[in-house]
Amino acid sequence: MIRTVQQLALRLLPQVIALAIVLAMIAAVFPGFFSFSFQNGRLYGSIIDILNRGAPVALLAIGMTVVIATKGIDLSVGAVMAICGAVAAASATHGNPLVVTLALALATGIVCGIWNGFLVAVLDIQPIIATLVLMVAGRGIAQLVTEGAILTFNDEGLIFIGGGAFGGLPMPVVIWIVFGIAITALVRRTALGMLIEAIGINRRASTLSGIQTPVLLIAAYTLSGLCAAIAGVIAAADIRGADANNAGLWLELDAILAVVVGGTSLLGGRFSIAASLLGAMIIQAINTGILLSGFPPEFNLIIKAVIIVVILVVQSPKIRTISSFFARPARQNGGER
Amino acid sequence: MKFVNALASATVLAACFLSPVNAADLTVGFSQIGSESGWRAAETTLTKQQAEKRGIDLKFADAQQKQENQIKALRSFIAQGVDAILVAPVVATGWDEVLQEAKDAEIPVILLDRTVDSKDDLYMTAVTSDLVHEGNVAGKWLVDTVAGKPCNVVELQGTTGSSPAIDRKKGFEEALAGKDNLKIIRSQTGDFTRTKGKEVMESFLKAEDGGKNICALYAHNDDMAVGAIQAIKEAGLKPGTDILVVSIDAVPDIFQAMAAGEANATVELTPNMAGPAFDALEAFRKDGTLPKKWIQTESKLYTQADDPKKVYEEKKGLGY
């Protein structure tokens, strides 16, 4: 047990250091960064903003990690967010109770995920192409649901999911942390995680050794669809409306980036959900930091790019080899997970 | 004799003017970009309404955001021998050839909402709004409203580098120039979306002493303002009173916010571009008057005093 904790700590070390450096940089340009207050029944401060605004990417990153571990990729999550947000908004404006609204939205996400999984696992289409279908078509579907307008709603229950608080934390934060722990427990306390890694390393060998590859692949994409659905409901609830054109736009790329910053290889195999979540927080910390710093908006993307390139370079295998050369004793029990 | 002549021509003119029969044989082709936004949907609705009101037979073609579809539509309009063509060009370049074809067929072309980089003798006129002027109207309203009191303004810009963002910023800054009591203390992009508007406003509020340092918000479109209003409320402040909110576009939702006292003013980007276009066309057909090369639409200012509830009901059905 102690050994696993140690291994986990070592695995997460680069991400934790990166996050700490990013936070320190923000605190340097914006001194009030770490200040907290308690307002409207919840904690209020920039750190909370990062956790809260990072919720959609964090949720997407959970599903994306599992999909990437199978050597796949899910480009459709942004569009699925838009569809599920639209479904939730449409259901709320029809006056359905919250339970029905949520069930419909999550079911939509699951259906989208099963569709992707079917294309990849059964029809054997390359994941990048298979999920591209829904990425392109998804926004059209969402627009059909909202009829091209921003569909606003006043359902208090649904709004609570985006703007409410539970135990002093904003609801979206609670949701992604709980969901992240639940999925981590599911894949790590059972053999599921290892089987997923096996598929990612060698799908054919896994199938031959008796793993139900198609079922697990469909399950991975379904999880990703479910994550996108939750993220979509949160995004819609946050602005009290479903914006089919802009909800989740380009977030699939942020989610993939979060996974990569978290150190999971795009070639599949070993993965860490916790590291991906840290990656999502690093990205959001950079975004929020740029907003707080007061730089002109023309610099936003440049600053983000520079920081992320630095993080990726530091994590690259060559740099690791060089650094381990200088710190050989510390790498004795260098578990990767 | 002269008098009789004059009378006769006056009667003929009046007859032309009054009878809808004359307009009924007018066929106009309209090539719309596609349904990229609620505003464009409203523009399509209003164009159809205007045509129906005037008894014009409107042939509508949706280009689905592709220039080649628009060129195809224009060629088919020319082949059908329509009396005039309205086009909302999706991009500015690449129109010379098809516009020349229309000119050779003596079909006047009117550009709606956007312009093209072709020589201006290839089209009759362009009906567009003046983006700089819109920013200017918003800025003037703020200058008049704060009336000399010191006021720190935060600005939510549109998508970085887009022409509405550049021009609406420029117009607003022009209106504020020389007014030392007004200062733009923070300016960030909110990408024209509600989500980003809310997120950026949250950070503005944190950075400026919980919002106590901010007296007004200027947003380049209403959607960002709607998002920012929620952020202001969640920070425990009253939008509309603690922080003045002025934005541009006049979409229905901002009127709801104005009716609730949460937004103060908006500048309309009218979706009725076809009205002035048809006016120009009818004048041209009546006595050959060529309109100016640029018809500027009105950038009307709406405030809480303009019965926002009523405007909301009017605008709601337009497809925004």
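Here the structure is a predicted model, which is why all the values come from computation and not from measurement. (Residues numbered from 1 in each chain as written. Chains lettered and ligands numbered in written order. Predicted model: local features only at pLDDT ≥ 70, side-chain atom pairs only at ≥ 80, totals over all residues. Heavy atoms only, no water.)

1. Considerations on the overall build of chain B
Here is step 1 of the chain: Each helix and strand counted, chain B has 12 helices and 12 strands in total.
Here is step 2 of the chain: Once the C-alpha set of chain B is aligned to its principal axes, its extents read approximately 75 × 50 × 35 Å.
Here is step 3 of the chain: Classification of the 320 residues of chain B by burial places 55% in the buried group.
Here is step 4 of the chain: Intrachain contacts of chain B at a sequence separation of at least 6 include 74% that bridge at least 24 residues.
Here is step 5 of the chain: Between the averaged position of the 36 positive side-chain charges in chain B and that of its 46 negative side-chain charges there is a distance of 2 Å. (Helix = DSSP H or I, 4+ residues; strand = E, 2+ residues; numbered from the N terminus. Buried < 20%, exposed > 50% of the residue type's maximum accessible area, 1.4 Å probe, protein only. Contact = heavy atoms within 4.5 Å. Lys, Arg positive; Asp, Glu negative; His and termini not counted. Charge placed at Lys NZ, Arg CZ, Asp CG, Glu CD.)

2. Focus on the domain arrangement of chain B
By convention, interface size is frequently given as the accessible area that disappears when the constituent parts associate.
Here is step 1 of the chain: According to the domain assignment, chain B contains domain 1 (21-128 + 271-289) and domain 2 (131-269 + 305-312).
Here is step 2 of the chain: Here the C-alpha centroids of domain 1 of chain B and domain 2 of chain B sit 34 Å apart. (Domains from an automatic or database assignment.)

3. Brief notes about the sheet that holds strand E12 (residues 301-303) of chain B
All names here are of chain B.
Here is step 1 of the chain: Across the sheet, 6 strands lie side by side as E7-E6-E8-E9-E10-E12; this open sheet has mixed pairing. One side of each edge strand has no neighbouring strand; the edge strands of this open sheet are strand E7 (182-189) and E12. Pairs of neighbouring strands in the sheet enclose a mean axial angle of 20°, with direction left out of account.
Here is step 2 of the chain: With 3 bridges connecting them, strand E10 (residues 265-268) and E12 associate as antiparallel partners. Bridge pairing links Val267 to Leu301 in E12.
Here is step 3 of the chain: Packing of helix H8 (residues 194-207) onto the sheet brings it into contact with strand E6 (151-157), E7 and strand E8 (216-219), and relative to E7 it is tilted by some 135°. (Pairing = 2+ DSSP bridges. Axes fitted to C-alpha atoms, helices over the stretch in contact; angles between N-to-C directions.)

4. Side note on the interface of chain A and chain B
Here is step 1 of the chain: Between chain A and chain B, the residue contacts involve 30 residues of the former and 28 residues of the latter.
Here is step 2 of the chain: Both faces combined, the contact of chain A with chain B buries some 2,500 Å², and carbon together with sulfur accounts for 46% of it.
Here is step 3 of the chain: The residue Arg53(A) makes a salt bridge to Glu202(B) at a minimum N-O spacing of 2.7 Å.
Here is step 4 of the chain: Looking at the side of chain A that touches chain B, the elements with two or more residues in it are strand E2 (42-45), helix H2 (46-53), helix H11 (213-239) and helix H13 (273-293) of chain A.
Here is step 5 of the chain: Looking at the side of chain A that touches chain B, the element that brings in the most residues is H13(A), giving 6 residues. (Buried area = accessible area lost by both parts, 1.4 Å probe. Salt bridge = Lys/Arg side-chain N within 4 Å of Asp/Glu carboxyl O.)

5. Section: the pairing of strand E9 (residues 244-249) of chain B
All names here are of chain B.
Here is step 1 of the chain: Summarising burial for E9: 6 of the 6 residues are buried, a large majority.
Here is step 2 of the chain: A two-sided burial pattern is seen for E9, the buried positions comprising Leu244, Val246 and Ile248 on one face and Val245, Ser247 and Asp249 on the other.
Here is step 3 of the chain: The pairing of E8 with E9 spans 4 bridges and is classified as parallel. Pairing of Ala216 across the sheet is with Leu244, part of E9.
Here is step 4 of the chain: The parallel pair E8 and E9, bridged by helix H9 (residues 222-234), forms a crossover whose chirality is right-handed.
Here is step 5 of the chain: Bridging between E9 and E10 involves 4 bridges; their strand directions are parallel. Note that in E10 the partner of Asp249 across the bridge is Glu268.
Here is step 6 of the chain: In this fold, E9 hands off to helix H10 (residues 252-259), which returns the chain to E10; that crossover is right-handed. (Right-handed = clockwise from strand over helix to strand, strands pointing away.)

6. Let's talk about the UniProt feature "domain: Periplasmic binding protein" (unreviewed entry) in chain B
Here is step 1 of the chain: UniProt feature "domain: Periplasmic binding protein" (unreviewed entry): in the numbering of this structure it lies at residues 29-272 of chain B.
Here is step 2 of the chain: Annotation note: span residues 29-272 of chain B, helix share 43%, strand share 21%, distance between end C-alpha atoms 16 Å. (UniProt positions renumbered as here; feature names shortened; annotations may be inferred.)

7. Some words on the side chain of Gln188(B)
Here is step 1 of the chain: Topologically, Gln188(B) is positioned in strand E7.
Here is step 2 of the chain: Within the structure, Gln188(B) has its side chain in polar contact with the side chain of Asn300(A) (distance 3.1 Å).
Here is step 3 of the chain: Setting aside residues up to four positions removed in sequence, Gln188(B) forms contacts with Ile290(A), Leu291(A), Phe295(A), Pro296(A), Pro297(A), Asn300(A), Glu155(B), Leu156(B), Gln157(B), Val200(B) and Phe204(B). (Polar contact = N/O pair within 3.5 Å; in protein donor to acceptor, adjacent residues only side chain to side chain.)

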